[in-house]
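The chain contents come next:
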Amino acid sequence: MPKIVDYEVKKQDIIEKAKEVFAKRGYYNTNISDISENCGMGRTTIYQYFKNKDEIFYYSVEDVLAEIQRKVEIIIEDDTLSFIEKLKKLIFELASEYEHNYIFVLLAEIWIIGKKQRNEFLESLAVYVEDLKKSIRDLISRGIEAKEIKPVDSESMANTIYYFIESLMIQVSANRNVDIKKKISSVNILIDGLKV
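To keep things clear, this report deals only with the structure shown in the data block. Here, residues in each chain are numbered from 1, in the same order as that chain's written sequence. Local features in this predicted model are restricted to residues whose pLDDT is 70 or higher, and side-chain atom pairs enter the listing and the counts only when it is 80 or higher, whereas totals over whole chains, interfaces and linings include all residues. Only hydrogens and water are removed before side-chain values are computed, so all heavy atoms of the structure are retained for them.

Notes on the environment of K88
Structurally, the position occupied by K88 is in helix α5 (residues 83–101). The classification of residues rests on relative accessible area computed with a 1.4 Å probe and restricted to protein chains. Under 20% of the type maximum is buried, over 50% is exposed, and intermediate values are partly exposed. Overall, K88 belongs to the partly exposed group, its relative accessible area being 24%. Between the C-alpha atom of K88 and that of S185, which follows or precedes it by 97 residues, the distance is 9.3 Å. Note on contacts: a residue pair is in contact if any heavy atoms of the two residues lie within 4.5 Å. Beyond its immediate stretch of four places on either side in the chain, K88 contacts N188, I191 and D192. Each helix is a run of DSSP H or I of at least 4 residues and each strand a run of E of at least 2, with the numbering of both proceeding from the N terminus.

Shown next, in the form of structure tokens:
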């Protein structure tokens, strides 16, 4: 009797395994053979689920971004945390996500690719980044209204926090000996400076 394979489950499995490969090798240094090897299947089988490496990459990054967005929403809605605690937890989650998926390094690669070509996927990633910055900005604004955070330009501060985390993660990817906990502690000092 032939083995019945759930197409969507198998596709998601390929995405999960591809994320590991992209995280280790980066976009440019990954090929279909690397992904198929990590999945334990032949290249031709991969093509039954995806057209090419780009499509696998896009699905992989979208999957990671969707998971990050869910985590961000949970943190923002957690009424047991102060606004400062929410910002710190958000930073911790983003940094922790990096350790598993190197998402900021992949986003930097995508940014470079995006400078050379425009497509729908890259535009959706730009929307994701803006949504993430908006979530940080709204959190800061709500903290200001609650008189927990000093009056600051919430948009400028959200951008500062986002780009600080992004550059921090790129530093860590370039030097594996960097202590991520110390780096997060540095960001937390910035966040503590926002307290009223």
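Continuing now.
Focus: the side chain of S154
Within the element layout of this structure, S154 appears in helix α8 (residues 154–174). When residues no more than four places from it in sequence are discounted, the contact partners of S154 are R137, I140 and S141.

Considerations on the packing of helix α1 (residues 7–25) against helix α2 (residues 32–39)
Orientation is described by lines fitted to C-alpha atoms, with helices fitted over the stretch in contact, and by angles between N-to-C directions that extend from 0 to 180 degrees. Close contact between α1 and α2 brings their axes to 9 Å; oriented N to C, the two are set at 125°. Classified by the angle their axes make, α1 and α2 are oblique. At the point where α1 passes α2, the crossing takes the right-handed sense. Contacts between α1 and α2 pair I14, K17, A18, E20, V21, F22 and R25 from the former with D34, I35, N38 and C39 from the latter. Three classes are used: nonpolar for Ala, Val, Leu, Ile, Met, Phe, Trp, Tyr, Cys and Pro, charged for Asp, Glu, Lys and Arg, and polar for all others, with Gly counted as polar. Split into classes, the residues belonging to the contact of α1 with α2 amount to six nonpolar, one polar and four charged. Should an angle fall under 35 degrees it is called roughly parallel, over 145 degrees roughly antiparallel, and 65 to 115 degrees roughly perpendicular, with every other angle called oblique. Whether a crossing is left-handed or right-handed is set by the direction in which the near helix is turned from the far one by less than a right angle, anticlockwise for left-handed and clockwise for right-handed.

Here we look at the packing of α1 against helix α4 (residues 53–77)
As a packed pair, α1 and α4 sit with axes 9 Å apart at the nearest point and diverge in direction by 90°. Here α1 is positioned roughly perpendicular relative to α4, judged by the angle of their axes. Between α1, through K11, Q12, I15, E16, A18, K19 and F22, and α4, the contact on the second element is made entirely by K53, I56, F57, Y59, S60, D63 and V64. Residues that form the contact of α1 with α4 fall into these classes: seven nonpolar, two polar and five charged.

Some remarks on unusual backbone geometry
A positive phi angle is found at K147, which is not glycine, with a value near 60°. The topology assignment puts K147 in the loop between α7 (120–145) and α8.

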